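# Analysis of the macromolecular model
Chain by chain, the residues:
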Amino acid sequence: MNTQVQTEEKFPYGLLRAGFPYLKTIGMRRILNSPIDVAIESENRIYVLVRNGAATFIRVWFFDDADRLPDRFEDIGSYGEEEGQFQWPVSVILDSDKNLVVSDESLNRITTFSAQGEYLHSWGASGNKPGEIDGPSGIAFNQNGNLLVSDTKNHRIQEFTPEGTFIKGWGGFGQAHGELNMPWGLAVDRFGDVYVSDWGNNRICRFDSQGNFIACFGSEGSGYGYLQGPSGIAVDAFGDIYVADTGNNRIQLFNQEGSYVQEFLGDATLAKCAKDYMLTNAGSNRLRDMSDLSVQKKLRDPRSVRLDEKGRMYIPDHLSFRVQIYQNETIPLDQTQYGPPRTSPTLLQE
């Protein structure tokens, strides 16, 4: 299959990458205890999945953050094994009705809540037969409105109706084309292709909507374009691919052909609520004064990466109890605005 022809038909002819600057940080330890994933409904309603022992739930937060710690929080779900509870949740996404769908790799089930936090239903049967799951992690809706699930310990992707009826699956343990080793993150582009973070093989694999293999890229390492335990993944409207390179404590951006573009290591500043908290805690201020701030701003164990409709990238900074946000500055180009390939490309200041 000529993937180059296929991607040229689907996405812009080229991109003018003007920049991708850090925008802001939201949250702090007492608000976002170990965020694992985030789902963005709007600027006024962001759902952050936090996972920290008994403090495991979905916290409703917002883009503007808060001037100070609130007296009350709006939370959805709780830690446990009963209906509407989680034990080891991994991903949270929104369906077309803005209901929240959560995967739980410990309980081997998928749970759905309304946007207001009402428990709606859950499903999942443990095992390795078709339709059974073992360690579900990444989830994503496809163009048909069905739910794709990274069936991690069974080394496959499975497709279900939103109510949990099995449709089909693909994959299997291995390193060959079409095989997977502990798949984690899932993303579906606007044309239906499926992107999988193949965690155990340290690569990204792409399939069509029927599960047919298209291509893979990446291998183990820490240099540009290399991966170490890739987890969350997202694809934007231009076909760019964002990977939570967890083992390397960074997010990497690849173009639609899988070529490395840039990395994000973290640029966090204090959130608004954190600034207010620091002003009332002399001990914390002294510790911050003694700290190496160049280290404090870096990402630590990012497990997910999400995008909104305004070109913003959200990174749940898992071990730093915050979400870092960046703003994409990219302009699509047509063929008249984009020159032919060069044998020795170098980006110069102009």
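Let me begin by describing the structure that accompanies this report. Note that the coordinates shown come from a computational prediction; the quantities given were computed from them, not determined experimentally.

### Looking at unusual backbone geometry
Positive phi, normally seen in glycine, also occurs at Lys98, with a value near 65°. Along the chain, Lys98 turns up in the loop between strand 9 (89–94) and strand 10 (100–104). The phi dihedral of Asn249 falls on the positive side, at around 55°, and the residue is not glycine. As for its position among the elements, Asn249 is in the loop between strand 22 (241–245) and strand 23 (250–254).

### Examining the sheet that holds strand 4 (residues 45–52)
If you trace the four strands from one edge of the open sheet to the other, you get 3-4-5-6, paired in antiparallel fashion. Here the strands that pair on one side only, and so sit at the sheet edges, are strand 3 (35–42) and strand 6 (75–76).

### Considering the packing of aromatic side chains
Under the defined criterion, the tally for this structure stands at 17 aromatic pairs. Here Tyr224 and Tyr260 contribute two aromatic rings whose centre-to-centre distance is 4.9 Å and whose plane-to-plane angle is 5°, an arrangement assigned as stacked. Here Tyr260 lies in strand 24 (residues 260–264) and Tyr224 lies in the loop between strand 20 (213–217) and strand 21 (230–235), a separation of 36 residues in the sequence. Here Tyr224 falls in the exposed class, since its relative accessible area comes to 58%.

### Structural notes on the nonpolar core
If you look at the biggest cluster of nonpolar residues, it comprises 20 residues, and the most contacted ones within it are Ile46 and Tyr314. Once residues within four sequence positions are removed from consideration, Ile46 is found in contact with Ile26, Val38, Ala39, Ile40, Arg59, Val60, Trp61, Phe62, Phe63 and Tyr314. Among the nonpolar cores identified, the runner-up in size contains 13 residues, and Tyr47, Ile58, Ile76 and Ala115 belong to it.

### Some words on the packing of helix 2 (residues 272–279) against helix 3 (residues 282–290)
At a closest axis distance of 7 Å, the pairing of helix 2 and helix 3 adopts a crossing angle of 110°. Here helix 2 is positioned roughly perpendicular relative to helix 3, judged by the angle of their axes. Every residue of helix 3 that contacts helix 2 at Tyr277, Met278 and Leu279 is listed here: Ser284, Asn285 and Arg288. Across the contact of helix 2 with helix 3, the residue classes break down as three nonpolar, two polar and one charged.

Here is what the cut-offs are and how they apply
- Residues numbered from 1 in each chain as written.
- Predicted model: local features only at pLDDT ≥ 70, side-chain atom pairs only at ≥ 80, totals over all residues.
- Heavy atoms only, no water.
- Helix = DSSP H or I, 4+ residues; strand = E, 2+ residues; numbered from the N terminus.
- Pairing = 2+ DSSP bridges.
- Phe/Tyr/Trp six-rings, centres within 6.5 Å; stacked < 30°, edge-to-face > 60°.
- Buried < 20%, exposed > 50% of the residue type's maximum accessible area, 1.4 Å probe, protein only.
- Core = buried A, V, L, I, M, F, W, Y, C linked by side-chain atoms within 4.5 Å.
- Contact = heavy atoms within 4.5 Å.
- Axes fitted to C-alpha atoms, helices over the stretch in contact; angles between N-to-C directions.
- Parallel < 35°, antiparallel > 145°, perpendicular 65-115°, else oblique.
- Nonpolar A, V, L, I, M, F, W, Y, C, P; charged D, E, K, R; others polar.

Shape is all these values report; function is a separate question.
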